[in-house]
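Single-letter residue listing:
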Amino acid sequence: QGPVQHAVRRALASECARSRARGSADVERVAGAPSSGGMPDAGETKDVEMKGAKAGADKEKEGEDKAKEKKEQPKDPRTLMIEAVGQAMKSVNAAVAAGDSRMMGRVTRSLNGFRRSVTPDVLRALLEETAASANKATYLSMAPVADAPMTDEEKAARQDPKFPTLPKPYPPEMEAFAGLMLLVQLTDKK
């Protein structure tokens, strides 16, 4: 490749960049590139219609609109709390499996975020899920009870919290995490 061919390719690249910056998606300028290693003709440029460009752009816009509609629906705070506790449970399990104490430190630092947002029913479900059978009754007797009793309609509408499926038996660190959450709740309640 000679210096002239190199200059032509740089000019083509800069022209393509300028057309993209202008938003020209319908028409793409194509210069005659040498097919057999010869020199291109200087005046050989032509406009080529891109037939599927508008249809593809319309499909992308429809996909973006559907994604926005899905994102606009806010999640229930209780669902968000269950997901956050589930993520912490996954982190504890991964930390124990890897033997990484720094991950456990990260999870214990997240307890401060759970302090104000955890609800009594999520805490009770966590204790029932993770506590060993010998300590489960003690933990549940100390766990706070919901302030206002739920009506039958609320009970029917509200499902039990679903935590992530992790291999059982749970490691003792999982019970310690749930016990720490209970301890934080009890100290805040006084």
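Analysis parameters
Residues numbered from 1 in each chain as written. Predicted model: local features only at pLDDT ≥ 70, side-chain atom pairs only at ≥ 80, totals over all residues. Heavy atoms only, no water. Phe/Tyr/Trp six-rings, centres within 6.5 Å; stacked < 30°, edge-to-face > 60°. Helix = DSSP H or I, 4+ residues; strand = E, 2+ residues; numbered from the N terminus. Expected span 1.5 Å × (residues − 1). Contact = heavy atoms within 4.5 Å. Axes fitted to C-alpha atoms, helices over the stretch in contact; angles between N-to-C directions. Parallel < 35°, antiparallel > 145°, perpendicular 65-115°, else oblique. Left-handed = near helix turned anticlockwise from the far one by under 90°. Nonpolar A, V, L, I, M, F, W, Y, C, P; charged D, E, K, R; others polar. Core = buried A, V, L, I, M, F, W, Y, C linked by side-chain atoms within 4.5 Å. Buried < 20%, exposed > 50% of the residue type's maximum accessible area, 1.4 Å probe, protein only.

S.K.: Looking at this model, I keep getting lost on the packing of aromatic side chains. Mind explaining?
M.R.: Aromatic ring pairs are reported here in terms of the distance separating the ring centres and the angle at which the planes meet. Counted by the stated rule, this structure contains one aromatic pair. Measuring from centroid to centroid gives 6.3 Å for Phe114 and Phe177, while their planes differ by 75°, and the two rings are edge-to-face. One end of the pair, Phe114, is in helix H5 (residues 111-117); the other, Phe177, is in helix H9 (residues 172-189), and 63 residues separate them in sequence.

S.K.: Quick question: what am I supposed to make of H9 here?
M.R.: Each full turn of the α-helix corresponds to 3.6 residues, which orients residues three or four apart in the same direction. For H9, spanning 18 residues, the distance from its first C-alpha to its last is 26 Å, which sits close to the expected 26 Å at 1.5 Å a residue. Along its buried surface, H9 packs onto helix H3 (77-98), helix H4 (101-109), H5, helix H6 (120-130) and helix H7 (133-142). Two residues or fewer past H9, Lys190 is found with a positive phi of approximately 60°.

S.K.: Would you explain the side chain of Ser91 in this entry?
M.R.: Its place among the elements puts Ser91 in helix H3. When near neighbours in sequence (up to four residues on either side) are disregarded, Ser91 contacts Met103 and Val107.

S.K.: What should I look at first to understand the packing of H3 against H9 in this one?
M.R.: To characterise two packed helices, one gives the angle between the axes of the helices and the distance between these axes. At their nearest, the axes of H3 and H9 sit 9 Å apart, and the two run at 140° to each other. It follows from the interaxial angle that H3 and H9 lie oblique. The way H3 lies across H9 gives a crossing that is right-handed. Facing H3, whose interface residues are Val85, Ala88, Met89, Val92, Asn93 and Val96, H9 presents Glu173, Met174, Phe177 and Met181. Residue classes in the contact of H3 with H9 are distributed as eight nonpolar, one polar and one charged.

S.K.: Even after reading the chapter, I still don't get the nonpolar core, so can you show me in this structure?
M.R.: Core analysis: the biggest nonpolar cluster contains 27 residues, and Val85, Met89, Phe114, Leu126, Phe163, Phe177 and Met181 have the highest contact counts within it. For this core, the elements supplying multiple residues, two or more each, are H3, H4, H5, H6 and H9. Considering each element in turn, this core owes the most residues, seven residues, to H3. Sequence-distant contacts of Val85, that is, excluding residues within four places in its chain, are made with Phe114, Val122, Leu126, Phe163 and Met181.

Shape is all these values report; function is a separate question.
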